[in-house]
Amino acid sequence: MLFRSKFRIPVVPIALLVASYGVVWMVDLGKSRKWQEFNAALIGLIFLGIVFNVDLLGFGKYDEALHQYETAIVLTNQKQYAESIAHYKRALEIQPTFLTAYFNLANTYDAYGDVNLAVATYREALQLKPDYFDAKINLSVLLNTQKKYTESEALLKDILKVKPQEVAALINLAAMYRESNRLEQAVEWLLKARHITPLNPNIYAALGALYADLGRPANAVSALRTCLQLDPRNLGARKSLH
């Protein structure tokens, strides 16, 4: 991930100040013929120059990567996905360890309809940070669409081992079980999610659909009504009730 502080050290003035003092010191050493100290000071100034130039190049590199990344975000928000992808790629060319650029590039591939590239890019993000939970959750959703249920389940359960109350992982795990026709298990995980966030309307909407699939209409109606009490604008729940 690329980090950027709000506060930038004024590198140029500090370096010039140190260098000027160093030059004055070296002149004094030369006059007094203290050659050993003179050579040490010269080496110090050369080292300072190297550090100074590397630092400037580094800041420029990070700034350019960040500029490409921010441009990509603007283009994504405008739904100009192809152009956005190009800028994310450029950011990653400049800064190959820019973790959030991988994550947002994968999201953009998904929005653009290229699921395979989205999956591959989430995997790249996870190579950089194996415990990147957001990438694991999004990847699991796409794996469900590819019917790769075993891998999706493993990703989500890895998250829950570390964060057992991660509601997004619980809901997505339930969705995976529903898509793989393991409906009772899906209900079980949704009930765990409901226990953690009892006012989440999406959980009740999903429970309503599951109960309907299981042939339990009374439970389905109850869950959908609760969903509408929490979110009266939930059109899916309203349509299912009628």
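This report concerns the structure included in the present document. (Residues numbered from 1 in each chain as written. Predicted model: local features only at pLDDT ≥ 70, side-chain atom pairs only at ≥ 80, totals over all residues. Heavy atoms only, no water.)

Describing the overall build of the chain
A tally of helices and strands in the chain yields 12 helices and zero strands. Along the chain, helices (α) and strands (β) appear in the sequence α-α-α-α-α-α-α-α-α-α-α-α when read from the amino end. The proportion of buried residues among the 242 residues of the chain is 36%. Residue pairs in contact within the chain that sit at least 24 positions apart in sequence constitute 44% of those at least 6 positions apart. Only carbon and sulfur atoms are counted for the fraction: they give 59% of the accessible area of the chain, which is about 14,600 Å². (Helix = DSSP H or I, 4+ residues; strand = E, 2+ residues; numbered from the N terminus. Buried < 20%, exposed > 50% of the residue type's maximum accessible area, 1.4 Å probe, protein only. Contact = heavy atoms within 4.5 Å. Areas by Shrake-Rupley, 256 points an atom, 1.4 Å probe, with all protein chains shown as cover.)

A closer look at the environment of Lys61
Assignment of secondary structure puts Lys61 in helix α2 (residues 35-77). For Lys61, a relative accessible area of 38% corresponds to the partly exposed category. A C-alpha to C-alpha distance of 6.6 Å links Lys61 and Ile94, two positions 33 residues apart in sequence. Not counting residues within four places of it along the chain, the set of residues in contact with Lys61 comprises Ile94 and Gln95.

A short note on the packing of aromatic side chains
According to the stated counting rule, one finds five aromatic pairs in the structure shown. Over the face of the ring belonging to Tyr132 we find Lys129, whose NZ or CZ atom lies 5.6 Å from the ring centre. One residue, Lys192, lies across the ring of Trp189, its end atom 3.9 Å from the ring centre. (Phe/Tyr/Trp six-rings, centres within 6.5 Å; stacked < 30°, edge-to-face > 60°. Lys NZ or Arg CZ within 6 Å of the ring centre and 35° of its normal.)

Here we look at the packing of helix α8 (residues 167-179) against helix α9 (residues 183-196)
Between α8 and α9, the least distance of the axes is 7 Å, while the angle of their chain directions is 165°. The angle between α8 and α9 places the two elements in the roughly antiparallel class. Here α8 runs over α9; the crossing is left-handed. Side by side, α8 and α9 meet where Val167, Leu170, Ile171, Leu173, Ala174, Tyr177 and Arg178 of the first sit next to Leu183, Gln185, Ala186, Trp189, Leu190, Lys192, Ala193 and Ile196 of the second. Here the residues of the contact of α8 with α9 are counted per class, giving 12 nonpolar, one polar and two charged. (Axes fitted to C-alpha atoms, helices over the stretch in contact; angles between N-to-C directions. Parallel < 35°, antiparallel > 145°, perpendicular 65-115°, else oblique. Left-handed = near helix turned anticlockwise from the far one by under 90°. Nonpolar A, V, L, I, M, F, W, Y, C, P; charged D, E, K, R; others polar.)

Notes on the environment of Ile171
Inspection of the secondary structure puts Ile171 in helix α8. Residues in contact with Ile171, not counting those within four places in the same chain, are Leu190, Ala193, Asn200 and Ile203.

Concerning helix α10 (residues 201-213)
With 13 residues, α10 extends 19 Å between its outermost C-alpha atoms, agreeing within 8% with the 18 Å of an ideal straight helix rising 1.5 Å per residue. Residues Pro201, Ile203, Tyr204, Ala205, Leu207, Gly208, Leu210 and Tyr211 constitute the buried set of α10. Contacts from the buried residues of α10 go to α8, α9 and α11 (217-230). One or two residues past the end of α10 sits Gly215, with phi positive at roughly 75°. (Expected span 1.5 Å × (residues − 1).)

A short note on helix α6 (residues 133-145)
Taking 1.5 Å of rise per residue, 13 residues should cover 18 Å, and α6 covers 19 Å from first to last C-alpha, within 8% of that figure. Those residues of α6 lying buried are Phe133, Ala135, Lys136, Ile137, Leu139, Ser140, Leu142, Leu143 and Asn144. Next to the buried residues of α6 lie α4 (99-112), α5 (115-128), α7 (149-162) and α8.

As for unusual backbone geometry
Of note in this structure, Lys79 is not a glycine but carries a positive phi near 65°. For Lys79, the location among the structural elements is in the loop between α2 and α3 (81-94). One non-glycine residue, Lys147, adopts positive backbone phi at about 60°. In this fold, Lys147 is placed in the loop between α6 and α7. On the basis of relative accessible area, Lys147 is assigned to the exposed category, the value being 62%.

Looking at the nonpolar core
Nonpolar side chains tend toward joint burial in soluble globular proteins. The biggest cluster of nonpolar side chains holds 28 residues, and the ones touching the most others in it are Tyr69, Phe98, Tyr122, Tyr132 and Leu139. Every element with two or more residues in this core is listed here: α2, α3, α4, α5 and α6. Tallying contributions element by element places α4 first for this core, with seven residues. Among the nonpolar cores identified, the runner-up in size contains 25 residues, and Leu183, Leu190, Leu207 and Leu210 belong to it. (Core = buried A, V, L, I, M, F, W, Y, C linked by side-chain atoms within 4.5 Å.)

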